[in-house]
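Residues per chain are reported as follows:
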Amino acid sequence: MAIIQKHGKNSCPQLVCNKETHPHDKSGVSGCQKKWPEQNAHWSRPLARTWTVVLLFGTCLLYCARVAMPICSVSMAQQFNWTKRESGMVLGSFFWGYCFTQVLGGYVSDRVGGEKVLLLSAAAWGAMTAFTPVLAHFCSQPIFSMTLARFLMGLLQGVHYPSLASLCSQKVVESERGFLMSTVGSGSYLGTLIIGGAGSLMLDVYGWESVFYLTGLLSVLWAYCMWKCLLKGEGDYISLGSGGSQSKLTKRHWLRLFKQPAVCAVIVAHLCTASTFFTLLSWLPTFFKDTFPDAKGWVFNVIPWLVAIPSSLLSGCLSDHLICQGKIVFFSMGVTSVFTILLCGTSTFPWAVAFVSITMGLTTFSHSGVSVNVQDLAPSCAGSLFGVMNTCGAFSGVLMVYFSGYLIESTGSWASVFFLITVVNLFGLFTFLAFAEARRVDIDSAKQHVTV
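Each chain has its residues counted from 1, following the order in which its sequence is written. In keeping with the predicted nature of the model, local features appear solely for residues at pLDDT of at least 70, side-chain atom pairs appear and are counted solely at 80 or more, and the whole-chain, interface and lining totals rest on all residues. Remark: hydrogens and water are excluded; side-chain values derive from all non-hydrogen atoms of the structure.

**Section: the confidence of the model for the protein chain**
Mean pLDDT over the protein chain: 77, with 79% of residues reaching 70 or higher. The pLDDT value tells you how sure the predictor is about a given residue, anywhere from 0 up to 100. The numbering of helices and of strands both runs from the N terminus, where a helix is a DSSP run of H or I of at least 4 residues and a strand a run of E of at least 2. Per-residue pLDDT, averaged within each element of the protein chain, yields its smallest value for helix α1 (residues 11-17) (39) and its largest for helix α10 (residues 208-229) (93). Any pair of residues with heavy atoms lying within 4.5 Å of one another is described as a contacting pair. Overall, residues 324-330 carries pLDDT values under 50, and its contacts beyond four positions in sequence, including any with other chains, amount to 16 contacts. The low-confidence segment residues 445-452 (pLDDT under 50) makes 14 contacts with residues lying over four places distant or belonging to another chain.

In structure tokens:
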């Protein structure tokens, strides 16, 4: 993942000075000594560490629930006689739902607080996961019930990452955002690792239904523990008057924001990385099953994510360090493309696992790159802007997951899919390198709106 931070050595203090003004503040923005109210709302370091661990486990369970279907899709396709195209329709329907709640989740999180949105959504998608086998067995057309179930899962999980971005921009100091986002982001790989290992074993021993039951129940339990321990059992979840630092940008200011080349670049880069990651996540289990039918499922479902977890944590620590030094940070999506292309010609299982592992490890840099860059560009509306990015990424993910199934069935070759992923990755890389920066672009609009 390519990351460009264009702060100079003195940029960190300037960002603190340039916090957006509040209507009730009469003193203006002169002087760096003044502490705005939103700064006082930042978590203390011990509380931030506690939330980091809790959100890490939440993201882990999110991906356990999300990847349960790709893990079980081969067995379900055999049981219900699905073709590759029908399997692609079921897998891709998740991203249709994922598209619709991104912006809404970010907007609501900016207003009420991301932690409340995370809590309610986790309880809902956890229950939906546990209920999935019931829908499959008691519906006369499982293909339709599973497509609907995946669509609803996408709707419910779509608010997760915009809520994280909003919560991080509101509660975490700038110098620690990269660490939190990369650590929490590593939960996606930890969850994929756990469901790939334990889920594969449960699939062989107890059947595919057990994977959904266990994942769903653990997710609901996590939401309950978060509510009781961190939110202290508060009952006021959805009051729009409390929680977040409400974004007051008008439609005119949003249009001005989207005219910024840096904003367009980060959206395009996220679109490309998200769509390629979703495609790999959805189809890699099938690729290994088709290409290496005698291989053990737990091997190719575990090893890539063992590489991805330390890679994600390393990227966060490195990102925070280089941001404080005010230097340019650069991680290349081009290297990921090289190893994706190498998958086209590999004929041995160990090399295929190695190439996939390196690819997934390099992809993890997006958590401490693009996700943090959004908070640099527009901290006043980070959740909403991240929602726009994820909507674009999810929509392209829908098309790529379904189109990949069509390519596999039409050509009988996985090389066409890997070539498509490479082209999309390189396009995102070149766009980001040409236009990306970390200068805050929402502050002028916010000031003008306040002074009207």
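**Observations regarding the pattern of salt bridges**
Basic side-chain nitrogens of Lys or Arg form a salt bridge, by our definition, when they fall within 4 Å of a carboxyl oxygen of Asp or Glu. One pass over the full model with this rule turns up 1 salt bridge. R85 is the salt-bridge partner of E409, the closest N and O atoms lying 3.4 Å from each other. Taken as a pair, E409 in helix α18 (residues 382-411) and R85 in helix α4 (residues 84-100) lie far apart in primary sequence, 324 residues in all. Only protein chains enter the calculation, and the probe is 1.4 Å; a residue is then buried if its accessible area is under 20% of its type maximum, exposed if over 50%, and partly exposed in between. On the basis of relative accessible area, E409 is assigned to the partly exposed category, the value being 36%.

**Digging into the nonpolar core**
Residues enter a nonpolar core if they are buried and are Ala, Val, Leu, Ile, Met, Phe, Trp, Tyr or Cys, with the set joined through side-chain atoms within 4.5 Å. Within the largest apolar cluster, 112 residues are counted, with the highest numbers of intra-cluster contacts made by M76 and F288. Broken down by element, the residue count for this core peaks at 18 residues, all from helix α3 (residues 45-80).

**Some details on the packing of helix α9 (residues 174-206) against α10**
To obtain an axis, a line is fitted to C-alpha atoms, over the contacting stretch when the element is a helix, and the angle between two such axes runs from 0 to 180 degrees between their N-to-C directions. Across the interface, α9 lies against α10 with an axial gap of 7 Å and an inter-helix angle of 130°. Between α9 and α10, the angle falls in the class oblique. As for how α9 packs across α10, the hand of that crossing is right-handed. Judged by residue contacts, I195, G199, M202, L203 and Y206 of α9 engage W208, S210, V211, L214 and T215 from α10. Each residue receives one of three labels: charged for Asp, Glu, Lys and Arg, nonpolar for Ala, Val, Leu, Ile, Met, Phe, Trp, Tyr, Cys and Pro, and polar for the others, Gly being one of them. Taken together, the residues of the contact of α9 with α10 sort by class into 7 nonpolar, 3 polar and no charged. Angle categories: roughly parallel below 35 degrees, roughly antiparallel above 145, roughly perpendicular from 65 to 115, and oblique for all the rest. It is the rotation of the near helix from the far one that decides the hand of a crossing: anticlockwise by less than a right angle makes it left-handed, clockwise makes it right-handed.

**A short note on unusual backbone geometry**
Despite not being glycine, N81 has its phi angle at roughly 60°, a positive value. Looking at where N81 falls in the secondary structure, it is placed in the loop between α3 and α4.

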